[in-house]
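Listed here are the chains, written in short residue letters.
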Amino acid sequence: MRPISIYIHIPFCERHCAYCDFNVYTLKEPSDLPLRTVNAICSEVKRAALKLTSDVVVPTIFFGGGTPTYLSADELSKILQAVRDNFRVATDAEITSEANPGTSDADKFMHMHQQGFNRLSVGVQSFNNGLLKVLDRTHTAREANSALSAARSAGFKNISLDLMFRLPGQEMDQWEQSLQEAVQIQPQHISLYGLTLEPGTRFERLHAGGRLTLPDEETEAAMYESAIGMLQSAGYHHYEVSNFALPGFESRHNMVYWNNGEYLGFGPGAVSYIDGRRWKAERVPLRYIEKAARAANMAVEDETLPQHSALAETMMVGIRKLDGLSLYDLSARYSLDVETYYRHELAHLQSGGLITMQHGILKLTRRGLLVADLVAGEFMGRPSQGAV
Ligand code: SF4
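Being a predicted model, the structure only gives us computed values, none of them experimental.

## With respect to the site of the ligand
- Near the ligand, the surroundings consist of Cys 13, Arg 15, His 16, Cys 17, Tyr 19, Cys 20, Phe 22, Val 24, Gly 66, Thr 67, Asn 100 and Arg 137.
- Grouping the amino acids of the shell around the ligand by side-chain chemistry returns six nonpolar, four polar and two charged.

## Some remarks on the sheet that holds strand β15 (residues 355-358)
- The three strands are arranged β14-β16-β15 in an open sheet whose pairing can be described as antiparallel. Two strands close off the open sheet at either side, each with one partner strand: β14 (325-326) and β15.
- Sheet topology note: the β15/strand β16 (residues 361-364) ladder contains four bridges and is antiparallel. When the bridges of β16 are listed, Thr 356 appears paired with Lys 363.

## Quick notes on the domain arrangement of the protein chain
- Along its sequence, the protein chain is carved into domain 1 (2-257) and domain 2 (308-378).
- Computed from C-alpha coordinates alone, the two centres of domain 1 and domain 2 are separated by 28 Å.
- Contact residues are listed per partner, giving eleven residues for domain 1 and nine residues for domain 2.
- Taken over both partners, the interface formed by domain 1 and domain 2 buries close to 920 Å², and the fraction arising from carbon and sulfur atoms is 59%.
- It is Glu 225, Glu 240 and Val 241 in domain 1 that bury the most area against domain 2; as a group they hold 43% of the surface buried on that side.
- Joining domain 1 to domain 2, the criterion identifies two salt bridges.
- Its salt-bridge partner being Glu 240, residue Arg 320 comes within 2.6 Å of it at the nearest N-O pair.

## Details of the environment of Gly 265
- With respect to the helices and strands, the residue Gly 265 is situated in strand β10 (residues 263-266).
- Taking relative accessible area as the criterion, Gly 265 reaches 10% and is therefore assigned buried.
- C-alpha separation for the pair Gly 265 and Ile 289, spaced 24 residues apart in sequence, amounts to 15 Å.
- Among residues more than four places away in sequence, those in contact with Gly 265 are Tyr 7, Ala 270, Val 271 and Ser 272.

## Some details on helix α12 (residues 327-334)
- Of the residues making up α12, those classed as buried are Leu 327, Leu 330, Ser 331 and Tyr 334. For α12, the angular spread of the buried residues around the axis is 100°, confining them to a single face. Relative to its buried face, α12 has exposed residues pointing more than 90 degrees away, namely Tyr 328, Asp 329 and Ala 332.
- Of the surrounding elements, those touching the buried residues of α12 are α11 (307-318), β14, α13 (338-341), α14 (343-351), β15 and β16.
- Downstream of α12 by one or two residues, Ser 335 has phi in the positive range, about 50°.

## Quick notes on the side chain of Ser 331
- On the secondary structure map, Ser 331 appears in helix α12.
- Apart from residues no more than four positions distant in its own chain, Ser 331 is found in contact with Leu 336, Asp 337 and Val 338.

## Considerations on the pattern of salt bridges
- Overall, the coordinates contain 15 salt bridges when judged by the stated rule.
- Among the ionic pairs, Arg 2 bridges to Asp 275, the shortest N-O distance being 3.0 Å. Of this pair, Arg 2 sits in strand β1 (residues 2-3) while Asp 275 sits in the loop between β11 (271-274) and β12 (277-281), and the two are 273 residues apart along the sequence.
- Residue Glu 44 is joined to Arg 47 by a salt bridge in which the shortest nitrogen-to-oxygen separation is 2.9 Å.

## Some remarks on the layout of surface pockets
- Empty space within the second largest pocket amounts to approximately 400 Å³.
- Along the wall of the second largest pocket there are 20 residues; nearest its centre are Ala 48, Lys 51, Leu 264, Arg 277 and Trp 279.
- Of the residues forming the lining of the second largest pocket, the biggest block, four residues, is contributed by helix α1 (residues 33-51).
- Of the residues in the lining of the second largest pocket, the class split is eleven nonpolar, three polar and six charged.

## Quick notes on the pairing of strand β3 (residues 56-65)
- In terms of residue burial, β3 counts as a mostly covered element, since ten of its ten residues are buried.
- Two elements, β1 and β3, share two bridges in a ladder whose sense is parallel. Each bridged residue has a counterpart across the sheet, and for Arg 2 the counterpart in β3 is Val 56.
- Relative to β3, strand β2 (residues 5-10) is paired through five bridges, and the arrangement is parallel. By the bridge assignment for β3, Ile 8 is matched with Phe 63.
- Following the backbone out of β2, through α1 and into the adjacent parallel β3, one traces a crossover that is right-handed.
- Bridging between β3 and strand β4 (residues 89-99) involves five bridges; their strand directions are parallel. Note on β4: the bridge partner recorded for Thr 60 is Glu 94.
- With respect to chirality, the unit in which β3 leads through helix α2 (residues 73-86) into the neighbouring parallel β4 is right-handed.

What counts as what
Residue positions are counted from 1 within each chain, in the order its sequence is given. In keeping with the model being predicted, local features are shown solely for residues with a pLDDT of at least 70 and side-chain atom pairs are shown and tallied solely at 80 or more, while totals for entire chains, interfaces and linings include all residues. No hydrogens and no water enter the side-chain calculation; it runs on all heavy atoms of the structure. Proximity criterion: a residue is near a molecule or strand once any of its heavy atoms comes within 4 Å of it. Ten residue types, Ala, Val, Leu, Ile, Met, Phe, Trp, Tyr, Cys and Pro, are classed as nonpolar, four, Asp, Glu, Lys and Arg, as charged, and the remainder, Gly among them, as polar. The criterion for strand pairing is that DSSP finds at least two bridges linking the strands in question. Going along the chain from the N terminus, every DSSP run of H or I of four or more residues is numbered as a helix, and every run of E of two or more is numbered as a strand. Those domain boundaries reflect an automatic or database domain assignment. Residues are treated as being in contact if the distance between any of their heavy atoms lies within 4.5 Å. Accessible surface is computed with a 1.4 Å probe, and the buried area is the amount of it that two parts give up when combined, taken over both parts together. The salt bridge criterion pairs a side-chain nitrogen of Lys or Arg with a carboxyl oxygen of Asp or Glu, the two atoms within 4 Å. Accessibility here uses a 1.4 Å probe with only protein chains present; expressed as a share of the type maximum, an area under 20% marks a residue as buried, one over 50% as exposed, and anything in between as partly exposed. Picture the helix axis, draw a direction to every C-beta atom, and the arc is the one those directions span. In this analysis, the protein atoms alone were mapped onto a 1 Å grid. Cavities are point sets where a 1.4 Å probe fits without being able to get out; pockets are open sets with protein on both sides within 12 Å along at least five of seven lines; lining residues have an atom within 4 Å of a point. Grid points are joined across faces, edges and corners, and a volume is the space filled by probe spheres set on the points. Seen with its strands pointing away from the viewer, a crossover is right-handed when the path leading from the first strand over the helix to the second is clockwise.

This is the structure in structure tokens:
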């Protein structure tokens, strides 16, 4: 069977957070747009399934956004049912939804769990109310705690929690306090994100105008290192640059991305990657709905990656896994000697103390972890020798 994962993008949020550049929309008034988007996603799911061969199995489904829990449990279940009706979903499939504490309650979680969602990824970001306000989040620390308890009471046994660091005005002790609170709650999985200033966001404009100060690089690195120490001591396995899990609870869906595996994306702006072709769906919900109704080509960006680009991307995302990348496996997958192909880049990174290579396994060093994006970017440079 050929595994193809599924991503569903729900592009609605209650409020647009100051740092976020995702494809999201806030609705000023009650509207049927979310429901119409749900219906369009369901018809796109059906249309995509018709184009695939029958040997496809779906090992993971991930509802992200935006805010999936902006939708009602019935609307979320309707999409999940459309996937089940049109694809062969593995019996042990990991079915995750992101959840925002501001749009979640016990009833919604209960209903979602009954419908087959078995993992929740809760966007807590911080347990500090002042920082949550700075970020424009719609919830408080207490509401985040209630959402996490509600998720447990609803029966979720696989809960992930997101935290952010390098926030404006954030002190080390505030960061460590948020980490401690997270550890006390004992979620199965924790993701950590350092704030980045994305073009077009309010934070970026404020920063450019000198009205937003972020912790410096040294503090950011210290926050990250402190988090690694605290989470590892609490029994979490650091398995990807930004991700930690209790044993056996690593995110199977995200592992598909880190292995540069195949997935289909549904919903406005969702990306798909199949057979070396990557395309992005129409971003604007109204246009998405209209194109779905006409069964028109949904792709607004569409490219088939040359072999050397696909290899470079696999290196870039794969190096983020703490277990490393097997150059033997990659050589077999891309039918070339990857070690020779990247010999200059590998030598450069090794001499800089950023990677190790043992028995064909390439890994980030502790120093490399701190600059993982730079290391990954090295593989996008000009290849050591001609095209693959
Ligand atoms: S809730 Fe999440 S997706 Fe929505 S605006 Fe905030 S950060 Fe972006």
